[in-house]
Amino acid sequence: MKNALGGVDTVLLLGGRSEIGLEIVRLLAGLGAGRVVLAARDGFDPPDLGAEVHVVPFDALDVHGHGAVFARATELVGDLDVVISAFGVLGTQERYDADPAAAAEAVAVNYGAHVSVGLHAARVLREQGHGTLVVLSSVAGARVRKANFVYGSAKAGLDGFAQGLGDALHGSGARVLIVRPGFVIGRMTKGLAPAPMSSTPRQVALATVAALRAGAPSVWVPRALGPAFRVLRLLPRALWRRLPR
Amino acid sequence: MTTFLTGWGRTAPTPARLARPRSVGQLRELVASAPRRGVVARGLGRSYGDAAQNAGGLVVDCTGLDAWTFDEGSGLVTASGGVSLHTLMTALVPQGWFVPVSPGTRHVTVGGAVAADVHGKNHHRDSSFGAHVRSLTLVTAGGEVLTLRPGHPLFAATVGGMGLTGVIAEVTFGCVPIRTSMMRVDVQRTADLDETMAVMADSDHRHRYTVAWIDLIARGRRMGRSVLTRGDHATPAEVKEAPPFAPGALARAPAWVPGGLLNGLSLRAFNELWYRRAPRRRTLTQGIAPFFHPLDGVEGWNRMYGPRGFVQYQFVVPLGAEETLRGIVATLSEHGSPSFLTVLKRFGPGSGGLLSFPMPGWTLALDLPAGGRGLSGLLRGFDRRVAGAGGRVYLAKDARLGAAMMAEMYPELERWRRIRDEADPAGLFRSDLARRLRL
Ligand SMILES: Cc1cc2nc3c(=O)[nH]c(=O)nc-3n(C[C@H](O)[C@H](O)[C@H](O)COP(=O)(O)OP(=O)(O)OC[C@H]3O[C@@H](n4cnc5c(N)ncnc54)[C@H](O)[C@@H]3O)c2cc1C
């Protein structure tokens with residue numbers, strides 16, 4: 001249960017290898033979360049998180065297995081106070097241009113699988129009458145750019161889905177928190193030059209945990225990206241198109 | 001009907017189906033129809049945290065179970081679980097009787113008083129509510145209506161059991177005779193914490209009721225300075241005319257309530273004023289309501305903390321662990337934590353409830369706004385110090401403790417679980433507090 005000061009006890013992380021996801025879990029454990037379920041592909045060796053950790057096999061593309069992941073998680077730790085949907089693949093636009101099948105598969109992970117996970121989470125949290133689903137969206141979806149429009153369009157879909165889900169859950173006690181980081185310097189973006197207003201997984205995690213405690217519906221990381229994108233969305237397409245990346 | 005419920009601190013609301021039975025028959029039907037998420041009883045919602053909440057499940061509002069009788073010969077009240085102490089006092093005080101234990105508010109139900117095994121200013125002499133219970137009836141998970149007496153394991157698990165063994169349908173308990181409706185009160189200001197504790201330890205036994213209000217803002221030499229009140233029911237010789245108990249006259253807000261939201265500034269001013277206003281030493285007569293329930297005069301005072309609500313931290317450390325108490329008071333006054341009424345009390349023997357809070361020792365209770373910076377870490381630090389000293393935190397006030405600490409603080413927890421599991425193998429009785437603390 002989320003307590004009076006915003007602390008939680010149980011966490012399910014889908015995408016158990018996710019740097020941001022693990023960083024969020026680490027912070028929550030430091031604040032008192034005692035039991036963690038990491039859902040990840042096979043062969044995963046969980047790091048020490050300062051809490052009781054369980055590992056459950058999870059394959060994002062095996063959407064028919066998602067229900068079982070939730071069943072197993074609740075069996076292990078009871079009510080889920082926080083569910084973090086953090087799996088994803090980045091991939092370059094050049095690669096997707098060359099291999100449309102790979103693009104479709106990436107979208108299936110970055111969007112389709114999140115829809116399945118999100119709906120399963122919603123069912124569980126609604127029945128519990130409490131709990132927060134954390135969805136890792138991205139500024140890439142706030143306005144899709146030609147430099148990574150496959151990835152960006154999946155994130156745009158995911159962001160819209162998460163907003164709709166949050167509205168659908170309104171009044172049920174369950175919530176959705178949408179996290180919109182800018183460029184995150186980490187494993188996933190290795191070799192890419194950081195964009196302006198980039199952040200580290202730890203900064204994203206800190207902002208996420210603060211938003212969780214405050215019960216906020218969404219958070220941009222860094223915060224300044226919110227107002228920045230309110231303006232950038234209005235930029236004429238002719239200009240937007242010319243952005244280098 | 002689905003309703004969002006909170007405790008008195010107005011934090012962490014969760015939705016539940018709320019039902020209000022008017023008879024034990026209806027109560028049994030409700031328990032039998034409990035959903036997968038289980039059921040828990042609720043009284044007047046005066047516990048501060050999530051004890052009387054059940055997210056996604058059923059909550060049984062017991063206030064419709066309101067029948068009671070009094071036997072003057074034996075001094076025994078038999079009351080349904082939803083009868084409030086306010087109702088009982090209003091009727092009994094004019095007849096010359098008083099409840100055996102009264103918490104700081106009289107707007108609690110008999111069921112809530114047993115479930116939390118509440119204590120009052122007379123704990124050092126009279127123990128807690130459960131010690132005065134002769135028998136109780138419990139609607140169990142199996143739908144039975146059991147009559148339990150002291151000595152029965154399920155009685156010990158129910159007193160202080162926070163509603164998790166079943167719904168308390170009826171309680172028979174002893175009342176105490178009084179000769180007037182007034183209190184003879186001795187008020188004394190002390191210079192620091194050591195003096196407060198020394199005076200309490202020396203003179204507690206001479207008074208039925210004692211409590212100290214501590215000024216947590218004062219630092220340095222004056223750290224822990226207090227206003228100590230010790231009282232007894234007055235004799236006719238001590239009062240010229242004894243007015244009947246008249247709660248209606250108390251509806252006005254006492255003058256000292258700071259206006260607007262409670263914030264650091266107003267709390268600071270209030271603490272200073274409360275201390276200065278008190279006489280160095282004086283004896284006076286006071287009505288029952290201002291003596292026992294000063295806050296009941298202010299309708300809905302819990303809203304003054306604003307939308308984020310507040311938490312109360314109440315702990316006890318055993319006699320001999322005075323250093324721990326002193327350390328926590330020092331941290332609080334250094335931290336500059338604005339607390340409204342911080343109360344210190346010396347406890348006597350416990351009642352035998354397996355999850356009851358009181359133990360012989362010192363208890364401190366303070367209110368803190370939930371939005372305060374660093375509050376979670378501060379209180380977690382206190383938890384460790386309290387548990388390390390063999391003490392514990394009061395579940396009826398708690399809204400943030402974790403399961404590991406709970407197990408450390410309540411050594412009878414395993415025994416309690418075994419008894420509960422036998423009475424309720426499927427875990428039908430459940431609350432948000434039970435989930436949070438993994439009871
Ligand atoms: C201003 C103020 C001052 C207070 N001062 C004190 C004090 O000095 N000493 C002290 O000990 N406490 C004090 N309290 C706390 C209060 O006495 C307890 O929380 C008490 O349990 C509240 O009773 P309630 O009827 O409101 O119960 P609720 O808050 O509704 O419920 C409390 C618990 O009792 C259970 N319960 C309620 N009714 C039943 C039933 N019929 N059968 C089974 N379980 C039931 C609930 O499930 C829950 O676990 C104070 C509270 C306030 C707001």
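Reference entry: report on the structure contained in this document. Values in this document were obtained by computation on a predicted structure and should not be read as measured data.

## Here we look at the interface of chain A and chain B
The accessible area lost on association of the parts is a frequent measure of interface size.
Here comes step 1: Each partner contributes to the interface: chain A provides 20 residues, whereas chain B provides 21 residues.
Here comes step 2: Joining chain A to chain B, the criterion identifies 4 salt bridges.
Here comes step 3: As a salt-bridge pair, Asp-9 of chain A and Arg-438 of chain B come within 2.9 Å of each other at their nearest N and O atoms.
Here comes step 4: On the surface where chain A and chain B come into contact, there are 9 residue pairs in polar contact (both at pLDDT 80 or more).
Here comes step 5: The residue makeup of the side of chain A that touches chain B, split by class, is 4 nonpolar, 10 polar and 6 charged.

## Digging into the pattern of salt bridges
It is possible for side chains bearing opposite charge to pair when their charged atoms get close.
Here comes step 1: Evaluation of the coordinates by the stated rule reveals 25 salt bridges over all chains.
Here comes step 2: Ionic pairing is found between Arg-435 of chain B and Asp-432 of chain B, a salt bridge with its closest N-O pair at 3.3 Å. Of the two residues, Arg-435 of chain B and Asp-432 of chain B both sit in helix H13 (residues 432-436), 3 residues apart, roughly one turn of that helix. Asp-432 of chain B carries the same exposure label as Arg-435 of chain B, and that label is buried.
Here comes step 3: Here the salt bridges do not stand alone but share partners, grouping Asp-79 of chain A together with Arg-37, Asp-432 and Arg-435 of chain B into one network.

## Considering the site of the ligand
All names here are of chain B.
Here comes step 1: Lining the immediate environment of the ligand, one finds 33 residues, of which Ala-41, Gly-43, Arg-46, Ser-47 and Thr-109 sit closest.
Here comes step 2: The side chain of Thr-109 places a nitrogen or oxygen atom 2.7 Å from an oxygen atom of the ligand.
Here comes step 3: Coverage of the ligand by the protein amounts to 96% of the 950 Å² it exposes when considered alone.
Here comes step 4: Of all the secondary structure elements, the ones that give two or more residues to the shell around the ligand are strand S3 (39-42), helix H3 (110-115) and strand S10 (167-174).

## Some points on the environment of Gly-67 of chain A
Here comes step 1: With respect to the helices and strands, the residue Gly-67 of chain A is situated in helix H2 (residues 66-77).
Here comes step 2: In this structure the C-alpha to C-alpha distance between Gly-67 of chain A and Gly-34 of chain A, which are 33 residues apart in sequence, comes to 24 Å.

## Quick look at the pairing of strand S5 (residues 131-136) of chain A
Residues and elements named next belong to chain A.
Here comes step 1: Along S5, 6 of the 6 residues are buried, which leaves the element largely enclosed by surrounding structure.
Here comes step 2: The alternating pattern of S5 places Gly-131, Leu-133 and Val-135 on one face and Thr-132, Val-134 and Leu-136 on the opposite face, and all of these are buried.
Here comes step 3: Pairing between strand S4 (residues 82-85) and S5: 4 bridges, direction parallel. Paired with Val-82 across the bridge in S5 is Thr-132.
Here comes step 4: Direction of pairing for S5 relative to strand S6 (residues 174-181): parallel, over a ladder of 6 bridges. If you follow Leu-133 over to S6, its bridge partner there is Val-176.

## Concerning the sheet that holds strand S15 (residues 281-287) of chain B
Residues and elements named next belong to chain B.
Here comes step 1: The sheet built from 8 strands is open, its strands ordered S15-S12-S14-S13-S17-S18-S16-S19 with antiparallel pairing. Of all strands in the sheet, those with a lone pairing partner are S15 and strand S19 (392-393), marking the two edges.
Here comes step 2: Where strand S17 (residues 342-347) and strand S18 (residues 361-369) come together, 5 bridges link them in antiparallel fashion. Across the sheet, the residue bridging to Lys-345 is Thr-363, located in S18.
Here comes step 3: Of the strands in this sheet, strand S16 (310-318), S17 and S18 are in contact with helix H9 (residues 322-335), which crosses S18 at around 20 degrees.
Here comes step 4: Sheet strands touched by helix H10 (residues 375-388): S16, S18 and S19. Its angle to S16, the strand with the most contacts, is close to 15 degrees.

## What to know about the sheet that holds S10 of chain B
For sheets, the rule is that strands pair by backbone hydrogen bonds, running either parallel or antiparallel.
All names here are of chain B.
Here comes step 1: Spatial strand order, S5-S6-S10-S8-S9: 5 strands in an open sheet with antiparallel pairing. Strands with a single pairing partner mark the edges of an open sheet, and in this sheet they are strand S5 (68-71) and strand S9 (145-148). Averaged over all neighbouring strand pairs, the angle between strand axes comes to 10 degrees, with direction disregarded.
Here comes step 2: For strand S8 (residues 133-139) and S9, the ladder comprises 4 bridges, and the chain directions are antiparallel. Pairing of Val-139 across the sheet is with Val-145, part of S9.
Here comes step 3: Helix H2 (residues 85-92) contacts S5, strand S6 (76-80) and S10 of the sheet and is inclined by roughly 40 degrees relative to S5.

## A few points about helix H4 (residues 100-128) of chain A
Here comes step 1: The terminal C-alpha atoms of H4 of chain A, which comprises 29 residues, lie 41 Å apart, in line with the 42 Å expected from a rise of 1.5 Å per residue.
Here comes step 2: Along H4 of chain A, the sharpest kink reaches roughly 40 degrees, centred on Ala-108 of chain A.

## Digging into the side chain of Asp-79 of chain A
Here comes step 1: Structurally, Asp-79 of chain A is set in the loop between H2 and S4.
Here comes step 2: Side-chain polar atoms of Asp-79 of chain A contact the side chain of His-130 of chain A, separated by 2.8 Å.

## With respect to unusual backbone geometry
Here comes step 1: Of note, the amide linkage connecting Val-221 of chain A to Pro-222 of chain A takes the cis form, showing an omega dihedral of -5 degrees.
Here comes step 2: You can see Pro-222 of chain A is positioned in the loop between strand S7 (218-221) and helix H7 (225-232).
Here comes step 3: We note that Ala-12 of chain B has phi near 45 degrees; this positive angle belongs to a residue other than glycine.
Here comes step 4: Here Ala-12 of chain B is to be found in the loop between strand S1 (2-5) and strand S2 (14-19).
Here comes step 5: Even without glycine at this site, Ser-127 of chain B takes up a positive phi of about 60 degrees.
Here comes step 6: Considering the arrangement of structural elements, one finds Ser-127 of chain B in the loop between helix H4 (123-126) and S8.
Here comes step 7: What makes Ser-127 of chain B buried here is its relative accessible area of 9%.

## Focus on helix H1 (residues 19-30) of chain A
Residue and element names in this part refer to chain A.
Here comes step 1: Here H1 is 12 residues long and its end C-alpha atoms lie 17 Å apart, about the 16 Å a rise of 1.5 Å per residue gives.
Here comes step 2: Across the 12 residues that make up H1, a large majority, 9, are buried.
Here comes step 3: If you check which residues of H1 are buried, you get Ile-20, Gly-21, Leu-22, Glu-23, Ile-24, Val-25, Leu-27, Leu-28 and Ala-29.
Here comes step 4: In this structure, the buried residues of H1 make contact with strand S1 (10-14), strand S2 (35-40), S4, S5 and helix H6 (201-214).
Here comes step 5: The opening residue of H1 is Ser-18, an N-cap whose side-chain oxygen sits 3.4 Å from the backbone nitrogen of Ile-20.
Here comes step 6: Looking one or two residues past H1, Gly-32 carries a phi angle of roughly 120 degrees, positive in sign.

## A few points about the packing of aromatic side chains
Here comes step 1: One pass over the structure, following the stated rule, counts 14 aromatic pairs over all chains.
Here comes step 2: When the ring of Tyr-313 of chain B is compared with that of Phe-315 of chain B, the centres are 5.9 Å apart and the planes differ by 50 degrees; the resulting orientation is tilted.
Here comes step 3: With a relative accessible area of 0%, Phe-315 of chain B lands in the buried category.
Here comes step 4: Ring pairs connect the aromatic residues Phe-98, Tyr-209, Phe-291 and Phe-292 of chain B, which therefore count as one cluster.
Here comes step 5: The aromatic ring of Trp-220 of chain A is capped on one face by Arg-180 of chain A, whose charged end is 5.0 Å from the ring centroid.
Here comes step 6: The ring of Phe-291 of chain B has Lys-121 of chain B lying over it, and the distance from NZ or CZ to the ring centre is 3.9 Å.

What counts as what
- Residues numbered from 1 in each chain as written.
- Chains lettered and ligands numbered in written order.
- Predicted model: local features only at pLDDT ≥ 70, side-chain atom pairs only at ≥ 80, totals over all residues.
- Heavy atoms only, no water.
- Contact = heavy atoms within 4.5 Å.
- Salt bridge = Lys/Arg side-chain N within 4 Å of Asp/Glu carboxyl O.
- Polar contact = N/O pair within 3.5 Å; in protein donor to acceptor, adjacent residues only side chain to side chain.
- Nonpolar A, V, L, I, M, F, W, Y, C, P; charged D, E, K, R; others polar.
- Helix = DSSP H or I, 4+ residues; strand = E, 2+ residues; numbered from the N terminus.
- Buried < 20%, exposed > 50% of the residue type's maximum accessible area, 1.4 Å probe, protein only.
- Near = heavy atom within 4 Å.
- Areas by Shrake-Rupley, 256 points an atom, 1.4 Å probe, with all protein chains shown as cover.
- Pairing = 2+ DSSP bridges.
- Axes fitted to C-alpha atoms, helices over the stretch in contact; angles between N-to-C directions.
- Expected span 1.5 Å × (residues − 1).
- Bend = angle between axes of the 7 residues up to and from the residue.
- Phe/Tyr/Trp six-rings, centres within 6.5 Å; stacked < 30°, edge-to-face > 60°.
- Lys NZ or Arg CZ within 6 Å of the ring centre and 35° of its normal.

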